[in-house]
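Now for the letters of each chain:
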Amino acid sequence: DQAERRAVSGDNEGWPLVIHTMKLVQARWCGSHAELHAEAERVMELYDPEAHGHFVHMFGNDPLVLAYGFRSWSNWLEGDDAAARADVSACEVTSRAVGHPFDRCWQLLVGSLVYYFSGDRDALARNLQEAKDLARAQNVDFVNYVVGPVWTGLVHILDARWEDAI
């Protein structure tokens, strides 16, 4: 609450973006699609790569990558596969431009989940492999040892390889 008051007062450069990014994350995990879309739009309006590019080094994720990524899930869950895929593409372009290893892995996994939802096994496997390769090269242990194996199970599920999925 104090951070939001300071953000609104203009006391700290970048605080409005941080506040709306955190609200975006909260809306995602609470399942509020309308709020998520509103906060994603606000993040997209506020985001300036020159002024806010350093946030990826503070938080591990770029705010614009988070906005596109979370909105892609929400779009898919609301039945708009085309919008979900468009957000995945925008998320990929942004994460490549940002160039942060964890952020890039996160983006690849976000895209993978949309592809899993859609049953696009090839796109899922391609993104997953790129994320695992990058994680291995950059020592992103969370992807190497936690998320990578779980997402690999998703590929096995789509292939109906039940024993490998478990």
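Helix and strand content of the protein: 11 helices and zero strands. Here the protein has a C-alpha radius of gyration of 16 Å; the compact-globule value for 166 residues is 15 Å, and the two agree. For the protein, the C-alpha atoms occupy an extent of roughly 55 × 35 × 25 Å along the three principal directions. Of the contacts made within the protein by residues no fewer than 6 positions apart, 59% connect residues no fewer than 24 positions apart. Positive and negative side-chain charges in the protein, numbering 14 and 25 respectively, have mean positions lying 3 Å apart.

On to the packing of aromatic side chains, then. Counting across every chain of the model gives six aromatic pairs. Consider the rings of W29 and W73, whose centres lie 6.2 Å apart with planes at 65 degrees: the pair is edge-to-face. Of this pair, W29 sits in helix α2 (residues 15-30) while W73 sits in helix α6 (residues 63-77), and the two are 44 residues apart along the sequence. W29 sits in the exposed class, given a relative accessible area of 58%. The class for W73 is buried, based on a relative accessible area of 8%. For the pair F55 and F59, a centre-to-centre distance of 5.8 Å together with 35 degrees between the ring planes defines the contact as tilted.

Counting residues in each nonpolar core, the largest one holds 40 residues, and the members touching the most others are L24, F70, L109 and W151. Every element with two or more residues in this core is listed here: α2, α3 (33-46), α6, α7 (81-98), α8 (101-118), α9 (121-138) and α10 (141-158). Ranked by residue count, the leading element in this core is α8, at eight residues. If sequence neighbours within four positions are ignored, W151 has contacts with L109, S112, L113, L124 and L128.

Counted according to the given criterion, the structure contains 13 salt bridges. Ionic pairing is found between R85 and D81, a salt bridge with its closest N-O pair at 3.0 Å. Note that R85 and D81 are positioned in helix α7 at a spacing of four residues, about one turn of the helix. Residue D81 is classed as partly exposed on the basis of its relative accessible area of 31%. A salt bridge links D120 to R85, with the shortest nitrogen-to-oxygen separation between them at 3.3 Å. Within this pair, whereas D120 is found in the loop between α8 and α9, its partner R85 is found in helix α7, the two being separated by 35 residues in sequence. For D120, a relative accessible area of 24% puts it in the partly exposed group. Taken together, the shared-partner salt bridges in this structure form one network comprising E92, R96, R104 and E130.

Rules used throughout
Residues numbered from 1 in each chain as written. Predicted model: local features only at pLDDT ≥ 70, side-chain atom pairs only at ≥ 80, totals over all residues. Heavy atoms only, no water. Helix = DSSP H or I, 4+ residues; strand = E, 2+ residues; numbered from the N terminus. Rg over C-alpha atoms; globule rule 2.2 N^0.38 Å. Contact = heavy atoms within 4.5 Å. Lys, Arg positive; Asp, Glu negative; His and termini not counted. Charge placed at Lys NZ, Arg CZ, Asp CG, Glu CD. Phe/Tyr/Trp six-rings, centres within 6.5 Å; stacked < 30°, edge-to-face > 60°. Buried < 20%, exposed > 50% of the residue type's maximum accessible area, 1.4 Å probe, protein only. Core = buried A, V, L, I, M, F, W, Y, C linked by side-chain atoms within 4.5 Å. Salt bridge = Lys/Arg side-chain N within 4 Å of Asp/Glu carboxyl O.

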